[in-house]
Amino acid sequence: TALQNGYDNIYFIAAQVGTPSRNERMIVDTGSSDLWLTSRSYNAEASATSTSLEYPVVTVYYGKGHVSGSEVGDRLCIASL
């Protein structure tokens, strides 16, 4: 299935990112509209469909920490959607 329940506290999805597409297993953050990928699994320069967005580096603060990274747009396919 596309969505896997991890003990009722974490949800995983199988998705494809970029062009050519790369398979990724991601955690669904139900409290955020952001999607984070590590630089080990995603390379925007290698994707033909990636685009730079407004800010070259962005930091998002969460309740117990923060995440910083490059802000890019790209193709995301979840299941057959």
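Preceding this paragraph is the structure being described.
Residues numbered from 1 in each chain as written. Predicted model: local features only at pLDDT ≥ 70, side-chain atom pairs only at ≥ 80, totals over all residues. Heavy atoms only, no water.

(A) Geometry of the overall build of the chain. Counting its secondary structure elements, the chain contains zero helices and six strands. For the chain, the residues scored as buried account for 19% of the 81 residues in total. Considering only contacts in the chain between residues 6 or more positions apart, those separated by 24 or more positions represent 43%. (Helix = DSSP H or I, 4+ residues; strand = E, 2+ residues; numbered from the N terminus. Buried < 20%, exposed > 50% of the residue type's maximum accessible area, 1.4 Å probe, protein only. Contact = heavy atoms within 4.5 Å.)

(B) Representation of unusual backbone geometry. The amide bond that connects Thr19 to the next residue, Pro20, takes the cis arrangement and shows omega of 0 degrees. Mapped onto the elements, Pro20 comes out in the loop between strand S2 (10-17) and strand S3 (22-28).

(C) Layout of the pairing of S2. By the bridge criterion, seven bridges tie S2 to S3 in an arrangement that is antiparallel. Counted as the bridge partner of Val17 is Arg22 from S3. For S2 and strand S6 (residues 76-78), the ladder comprises three bridges, and the chain directions are antiparallel. What sits directly across from Val17, in S6, is Leu76. (Pairing = 2+ DSSP bridges.)

(D) Up close: the pairing of strand S4 (residues 51-62). Alignment of S4 against strand S5 (residues 65-73), held across eight bridges, turns out to be antiparallel. Each residue of the ladder has a partner; that of Val57, found in S5, is Ser70. Hairpin connection from S4 to S5: two residues lie between these consecutive antiparallel strands.

(E) Spatial organisation of the packing of aromatic side chains. In this structure the tally under the stated criterion is zero aromatic pairs. One Lys or Arg, Arg25, reaches over the ring of Phe12 and ends 4.0 Å from the middle of that ring. (Phe/Tyr/Trp six-rings, centres within 6.5 Å; stacked < 30°, edge-to-face > 60°. Lys NZ or Arg CZ within 6 Å of the ring centre and 35° of its normal.)

(F) Region of interest: the side chain of Ser47. For Ser47, the location among the structural elements is in the loop between S3 and S4. Residues within four places of Ser47 in sequence aside, it is in contact with Gly18, Thr19, Tyr42 and Asp74.

(G) A look at the environment of Ala48. By the element assignment, Ala48 lies in the loop between S3 and S4. When the C-alpha positions of Ala48 and Arg75 are compared, they lie 9.5 Å apart, and in sequence the two are 27 residues distant.

(H) Structural view of the nonpolar core. Among the nonpolar cores identified, the biggest contains five residues, and these are Ile13, Ala15, Val17, Met26 and Tyr42. If sequence neighbours within four positions are ignored, Met26 has contacts with Tyr11, Phe12, Ile13, Ala15, Val17, Leu35, Leu37 and Leu76. (Core = buried A, V, L, I, M, F, W, Y, C linked by side-chain atoms within 4.5 Å.)

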